[in-house]
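Working through the structure, step by step
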Amino acid sequence: MPRPDQHTPLRGVELHILLSVVDQSRHGYAILREAEERTGGRPGFEIPTLYRALRRLHDEGMICIADAPEPEQDERREYWSATESGRRGLKTELARMEIALAVGRTRLGGAPAGAAP
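The following refers to the structure shown.

A word on a nonpolar patch on the surface
Taken together, the side chains of Y29, I47 and Y51 make up a nonpolar region of the molecular surface, amounting to roughly 270 Å² of accessible area. For I47, the position within the fold is in helix α3 (residues 47–59).

Here we look at the side chain of E34
Looking at the element boundaries, E34 is found in helix α2 (residues 28–38). When residues no more than four places from it in sequence are discounted, the contact partners of E34 are L19, S20 and R26.

Quick notes on the pattern of salt bridges
Taken as a whole and judged by the stated rule, the model has seven salt bridges. Here the salt bridges share partners, and the residues they tie into one network are D23, R26, E34 and R38.

A look at α3
What sets the pattern is the α-helix's 3.6 residues per turn: residues three or four places apart point alike. Over its 13 residues, α3 extends 18 Å from the first C-alpha to the last, a length consistent with the 18 Å expected when each residue adds 1.5 Å. Every buried residue of α3 is listed here: L50, A53, L54 and L57. Angular distribution of buried residues about the axis of α3 spans 105°; they occupy a single face of the element. Along α3, the residues that are exposed and aim more than 90 degrees away from the buried face are R52 and D59.

Description of the pairing of strand β3 (residues 79–82)
Taken residue by residue, a regular strand's side chains alternate between the two faces of the sheet. Both faces of β3 are covered, namely the face carrying Y79 and S81 and the face carrying W80 and A82. As paired strands, strand β1 (residues 26–27) and β3 are joined by two bridges and run antiparallel to one another. Residue pairing for β3: H27 is matched across the bridge by Y79. Across four bridges, strand β2 (residues 63–66) lies against β3 in antiparallel orientation. Bridge pairing links C64 to S81 in β3.

Overview of the nonpolar core
Of all hydrophobic cores here, the largest spans 19 residues; its most connected members are I17, L18, V21, L50, L54 and I63. Taken together, the elements giving at least two residues each to this core come down to α1 (12–21), α2, α3 and β3. Considering every element that reaches this core, the biggest residue donor is α1, with five residues. For L18, the contacting residues outside a window of four places in its chain are L10, L57, M62, I63, A82, G86 and L90.

Let's talk about the sheet that holds β3
Strands belonging to one sheet form pairs held by backbone hydrogen bonds; the direction of such a pair is parallel or antiparallel. On the basis of which strands lie adjacent, the open sheet formed by three strands has the order β1-β3-β2 and antiparallel pairing. Two strands lie at the open edges of the sheet, namely β1 and β2, each paired on one side alone. Each of β1, β2 and β3 is contacted by α1, which is oriented at about 90° to β3, the strand it contacts most.

Observations concerning α2
The complete set of buried residues in α2 reads G28, A30, I31, L32, E34 and A35. Just past α2, the residue G40 takes up positive phi, approximately 65°.

Quick word on the packing of α1 against α2
Look at α1 against α2: their axes get within 9 Å of each other, and the N-to-C directions meet at 105°. Taken together, the axes of α1 and α2 lie roughly perpendicular to each other. Residues H16, I17, L19, S20 and V21 of α1 form the contact with α2, whose participating residues are I31, E34, A35 and R38. Considering only residue class, the contact of α1 with α2 consists of five nonpolar, two polar and two charged.

Cut-offs used in this document
Residues numbered from 1 in each chain as written. Predicted model: local features only at pLDDT ≥ 70, side-chain atom pairs only at ≥ 80, totals over all residues. Heavy atoms only, no water. Patch = residues over 30% accessible without salt bridge, like charges linked within 9 Å, V, L, I, M, F, W, Y side chains within 5 Å. Areas by Shrake-Rupley, 256 points an atom, 1.4 Å probe, with all protein chains shown as cover. Salt bridge = Lys/Arg side-chain N within 4 Å of Asp/Glu carboxyl O. Helix = DSSP H or I, 4+ residues; strand = E, 2+ residues; numbered from the N terminus. Contact = heavy atoms within 4.5 Å. Expected span 1.5 Å × (residues − 1). Buried < 20%, exposed > 50% of the residue type's maximum accessible area, 1.4 Å probe, protein only. Arc of directions from axis to C-beta. Pairing = 2+ DSSP bridges. Core = buried A, V, L, I, M, F, W, Y, C linked by side-chain atoms within 4.5 Å. Axes fitted to C-alpha atoms, helices over the stretch in contact; angles between N-to-C directions. Parallel < 35°, antiparallel > 145°, perpendicular 65-115°, else oblique. Nonpolar A, V, L, I, M, F, W, Y, C, P; charged D, E, K, R; others polar.

Listed below in structure tokens is the structure:
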């Protein structure tokens, strides 16, 4: 079932999943590895949370089971890809984050991202 309000913020794990599967299908462990790379090894979730979030996003119609990318085909793994609804949800979340980032930078006096307070 789709989310009742596409403007509902995504949970961190959901954001990482959609970032990972928006451009190509990936299996759960590959999603976790990619999230670890993006966060310096601290994605903020573990395997059980990841798989619950995959099922939740699937039930909401934001991701679907997909074919594996050609060189990675492994019939033992379940691969996931973003649906059109998932792409819209990701775009909405990124726009929400951009607004928050702009406000934060303005209020911090234009400090670049990652600068010490």
